Amino acid sequence: MLSWHVERPGPVAARPLRRRNGPLPTAAEGELLLRVLVCGVCRTDLHVAEGDLPVHRPGVVPGHEVVGEVVAVGDGAVGDFAVGQRVGVAWLRHTCGQCRYCLRGAENLCPESRYTGWDADGGYAEYTTVPAGYAYHLPDGYSDAELAPLLCAGIIGYRALRRAELPPGGRLGIYGFGASAHLAAQVALARGAVVYVMTRSPAARELATELGAAWVGGAADEPPEPLDSAILFAPAGDLVPPALAALDRGGTLSIAGIHLTDIPQLRYQRHLFQERQVRSVTANTREDGREFLRFAGQHRIRVTTTPYPLDRADAALADLAGDRVYGAAVLVP
């Protein structure tokens, strides 16, 4: 089986990913064995490969936006899954189910949580496994390549939008316009929002305009009117002050990334007074995933992808780091 591993975390220019040929994994108790049909390339994979996130599993196979075909069902696997079925694998892979966070419906905050492509091998491979309780049934009407980005970029964007507390018909600012942002924008637009996009990428500005953004500007540009809510998708802490300054009274900034560079000094009167608030996003619950995938089944979302063959996974990651990907990068075995 062909797979890619993070041999030694470091800059993508140093080629932290290495190809290997090895045996197929097997489905342990409660797991599904999948033949990978498509795996999305997420910015979190870049953080794992470059060492922005600490090593949890040495030599891990990245990838947590997996569309796969079930080829084996392990003993004790829960859920209605069968050989030949198409299912989805996302970032969240395990929670304890017993801590106070899990019991109150906040399993994304579980101290025992584990993640695909960080704690366990993921989808940069021809085969992978997933605990059946964390696999997703997928909506009809989408190709494998279109479905893959929905499984992290889509789900996290959906949670970030919820955390932003956008009022009905409100004004939403989006900072950075990659895979997750271009999906979250469509959810907001379908719900009647006015969307303003700030991004440094000319190609992303073009895509935002095509999708219906009311205004598109540079990464730190001031939008034409105050925002009710904003989402920061770019992993750039220096965008937090301009995003807060762009909020109207009572506005909320939701920071979507798992990693963010340092935030510069804030001025209370300019950035936080008048009950502006900042909220982070930590992974997602399975219910977030199910809600978003139901939404995708009811509303046709345009998913823009750039395909790469699996044997060029390192190139896909380098292009993502260099902002050379249009929409979402996906790996096709």
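Rules behind the numbers
Residues numbered from 1 in each chain as written. Predicted model: local features only at pLDDT ≥ 70, side-chain atom pairs only at ≥ 80, totals over all residues. Heavy atoms only, no water. Helix = DSSP H or I, 4+ residues; strand = E, 2+ residues; numbered from the N terminus. Rg over C-alpha atoms; globule rule 2.2 N^0.38 Å. Buried < 20%, exposed > 50% of the residue type's maximum accessible area, 1.4 Å probe, protein only. Contact = heavy atoms within 4.5 Å. Areas by Shrake-Rupley, 256 points an atom, 1.4 Å probe, with all protein chains shown as cover. Lys, Arg positive; Asp, Glu negative; His and termini not counted. Charge placed at Lys NZ, Arg CZ, Asp CG, Glu CD. Core = buried A, V, L, I, M, F, W, Y, C linked by side-chain atoms within 4.5 Å. Pairing = 2+ DSSP bridges. Polar contact = N/O pair within 3.5 Å; in protein donor to acceptor, adjacent residues only side chain to side chain. Axes fitted to C-alpha atoms, helices over the stretch in contact; angles between N-to-C directions.

Asks: Before we go on, may I ask you to explain the overall build of the protein chain in this structure?
Replies: Looking only at helices and strands, the protein chain features nine helices and 17 strands. Here the C-alpha radius of gyration of the protein chain, 19 Å, is about what a compact globule of 333 residues would show, namely 20 Å. In terms of its C-alpha atoms, the protein chain occupies a principal-axis envelope of roughly 60 × 45 × 35 Å. Burial analysis of the protein chain (333 residues in total) assigns 54% to the buried set. The long-range fraction of contacts in the protein chain, counting pairs at least 24 apart against all pairs at least 6 apart in sequence, stands at 70%. Carbon and sulfur atoms form 47% of the exposed surface of the protein chain, whose accessible area is close to 14,100 Å². Both charge centroids of the protein chain, one from 32 positive and one from 36 negative side chains, sit 3 Å from each other.

Asks: I keep staring at the nonpolar core and nothing clicks. Help me out?
Replies: Across soluble globular proteins, you tend to see nonpolar side chains buried next to one another. Leu150, Ile174, Phe177, Val195, Ile231, Phe292 and Ile301 are the most contacted members of the largest nonpolar core, which has 47 residues in total. Among the elements that make up this core, the one with the highest residue count is helix H3 (residues 144-163) (nine residues). Those residues in contact with Ile301, other than ones at most four positions away along the chain, are Tyr142, Leu183, Gln186, Phe292, Phe295 and Ala296.

Asks: I would appreciate a short explanation of the pairing of strand S4 (residues 66-73) in the present structure.
Replies: Each regular strand displays side chains that alternate between the two surfaces of the sheet. Of the pairings in the sheet, the one linking strand S3 (residues 31-41) to S4 comprises seven bridges and is antiparallel in character. Bridging from a neighbouring strand, Leu33 pairs with Ala72 of S4. For S4 and strand S5 (residues 86-89), the ladder comprises four bridges, and the chain directions are antiparallel. Residue pairing in the sheet places Val66 in a bridge with Val89 of S5.

Asks: I would appreciate a short explanation of the side chain of Ser254 in the present structure.
Replies: Position of Ser254 relative to the elements: it lies in strand S14 (residues 247-255). A polar contact of 3.0 Å, which involves the side chain of Ser254, links it to the backbone oxygen of Ala160. Apart from the residues lying within four places of it in its own chain, the contact partners of Ser254 are Ala160, Arg163, Ala164, Ala230, Ile231, Leu232, Arg279 and Val281.

Asks: Explain the sheet that holds strand S10 (residues 171-175) here, please?
Replies: In a beta sheet, neighbouring strands pair by backbone hydrogen bonds and run either parallel or antiparallel. Strand order across the open sheet formed by six strands is S12-S11-S10-S13-S14-S15, with parallel pairing between neighbours. Each edge of the open sheet carries a strand with a single partner, namely strand S12 (215-217) and strand S15 (277-280). Across this sheet, the average inter-strand angle for adjacent strands is 20°, counted without regard to direction. Examined bridge by bridge, S10 and strand S13 (residues 227-232) share four bridges and lie parallel to one another.

Asks: Please explain the environment of Leu331 as it appears in this structure.
Replies: Inspection of the secondary structure puts Leu331 in strand S17 (residues 328-332). Among the residues examined, Leu331 registers a relative accessible area of 1% and is labelled buried. When residues no more than four places from it in sequence are discounted, the contact partners of Leu331 are Leu37, Val38, Cys39, Val41, Tyr124, Tyr308, Pro309, Leu310, Ala313 and Ala316.

Asks: So what exactly am I meant to see when it comes to the side chain of Glu107 here?
Replies: Position of Glu107 among the secondary structure elements: in the loop between helix H2 (100-103) and strand S7 (114-115). Within the local environment of Glu107, its side chain forms a polar contact with the backbone nitrogen of Arg286, the two atoms lying 2.8 Å apart. Setting aside its immediate chain neighbours within four residues, Glu107 contacts Leu92, Thr95, Tyr101, Cys102, Thr285 and Arg286.

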